[in-house]
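Coordinate analysis (summary)
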Amino acid sequence: MRVLGVDPGLTRCGVGVVEGVAGRPLTMIGVGVVRTPVDADLSHRLLAVEQGIEQWLDEHRPECVAVERVFSQHNVRTVMGTAQASAVAMLCAARRGLPVALHTPSEVKAAVTGSGRADKAQVGAMVTRLLRLSAPPKPADAADALALAVCHIWRAPAQSRLQQAVARHTSHATKGRTA
């Protein structure tokens, strides 16, 4: 499975592509950051994020896109920009018919480090170790994007089994009511 992880942001949108399957060593395919100028008009910044993500999709051809789920922050301006960049990433994926998975920061941290309260340095260190890199990706947004992709690869099989079980249960429950 090849996954594009997106750590959404207006100034720095982390992107990282990881390939592999759960239970086997994973491979980093690419990592980077889509940057936009702070002083640019919001619409132009969103367009730049869209163009950057489209380039990553064109170049790396992922099978799915994992995006950090936006969580409430005290700074409304920051959360709005993050939400807008997140929506752009989801739109780019949907335009290509790619499935999108949303993972919370604590889910990603727990998957990669074992603790949902890990700090950025711990996430970077584990991403470096898991992907056998020579140094942690910089800036932290890039490491976070790789962590999202790793989290999705590891969690996707379990999530799929859960969805199938729910579908079977719903199907049996519906048949029971119509019989």
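Residue indices begin from 1 for each chain and proceed along its sequence in written order. Since the coordinates come from a predicted model, pLDDT governs what is reported: local features require at least 70, and pairs of side-chain atoms require 80 or more to be given and counted, while whole-chain, interface and lining totals use all residues. Hydrogens and water are ignored here; the side-chain numbers use all heavy atoms of the structure.

For clarity, the threshold we go by: UniProt positions are given in the numbering used here, feature names are shortened, and annotations may be inferred rather than shown by experiment.
Identification of the protein as Crossover junction endodeoxyribonuclease RuvC from Streptomyces mexicanus is taken from an unreviewed UniProt entry. Under the UniProt heading Catalytic activity (unreviewed entry), the entry covering the protein gives this text: "Endonucleolytic cleavage at a junction such as a reciprocal single-stranded crossover between two homologous DNA duplexes (Holliday junction)." In the Sequence similarities (unreviewed entry) part of its UniProt record, the protein is described as follows: "Belongs to the RuvC family."

**Quick word on the overall build of the protein**
Let me state the cut-off plainly: Helix and strand assignments come from DSSP, with helices taken as H or I runs of at least 4 residues and strands as E runs of at least 2, each series counted from the N terminus. Three labels apply to residues, based on accessible area from a 1.4 Å probe with only protein chains included: buried if under 20% of the type maximum, exposed if over 50%, partly exposed otherwise in between. All accessibility values rest on the Shrake-Rupley procedure with a 1.4 Å probe; residue burial counts only the protein chains present in the view.
The number of helices and strands found in the protein is 5 helices and 5 strands. From first element to last, N terminus to C terminus, the protein shows the α and β order β-β-β-α-β-α-β-α-α-α. Looking at the protein residue by residue over its 179 residues, the buried ones come to 40%. Roughly 9800 Å² of accessible area belongs to the protein as shown, and the carbon and sulfur atoms make up 55% of that amount.

**What to know about the UniProt feature "binding site: Mg(2+) 1" (unreviewed entry) in the protein**
Quick note on the threshold: Contacts are assigned to residue pairs with any non-hydrogen atoms lying within 4.5 Å of each other.
Following the UniProt record, the feature "binding site: Mg(2+) 1" (unreviewed entry) maps to Asp7 and Asp141 here. Their sequence span is 135 residues, while the largest C-alpha to C-alpha distance among them is just 6.1 Å; these annotated residues converge on one region. Mapped onto the fold, Asp7 is located in strand E1 (residues 2-7). Take Asp7: its relative accessible area is 5%, and that puts it in the buried class. Here Asp7 is in contact with Arg12, Cys13, Gly14, Glu68, Asp141, Asp144, Ala145 and Leu148, once residues within four sequence places are set aside.

**Focus: the environment of Arg24**
Positionally, Arg24 belongs in the loop between strand E2 (12-19) and strand E3 (27-35). For Arg24 and Gly52, which are 28 residues apart along the polypeptide, the C-alpha to C-alpha distance reads 30 Å.

**Points about the pattern of salt bridges**
This is how the line gets drawn: What makes a salt bridge here is a side-chain nitrogen of Lys or Arg within 4 Å of a carboxyl oxygen of Asp or Glu, nothing more.
Evaluated as defined, the whole model comprises 8 salt bridges. The partner of Arg2 in a salt bridge is Glu19, with the nearest N and O atoms 2.9 Å apart. Highlighted residues: Arg2 in strand E1 and Glu19 in strand E2, separated in sequence by 17 residues. For Arg2, a relative accessible area of 19% gives the class buried. We classify Glu19 as partly exposed; its relative accessible area is 33%. Connected via shared salt-bridge partners are Glu50, Glu54, Asp58, Arg95 and Arg96.

**Overview of unusual backbone geometry**
Look at the link from Lys138 to Pro139: it is a cis peptide, with omega at -10 degrees. Within the secondary structure, Pro139 sits in the loop between helix H4 (120-130) and helix H5 (140-178). With a phi angle near 55 degrees, Arg132 is a residue other than glycine that sits in the positive phi range. Mapping Arg132 onto the fold places it in the loop between H4 and H5.

**Side note on the environment of Ser115**
Turning to its location among the elements, Ser115 is positioned in the loop between helix H3 (105-113) and H4. Judged by relative accessible area, which is 32%, Ser115 ranks as partly exposed. Once the C-alpha coordinates of Ser115 and Leu130 are considered, the two residues, 15 residues apart in sequence, prove to be 15 Å apart. Every residue in contact with Ser115, bar those within four places of it in the chain, is listed here: Lys109 and Ala110.

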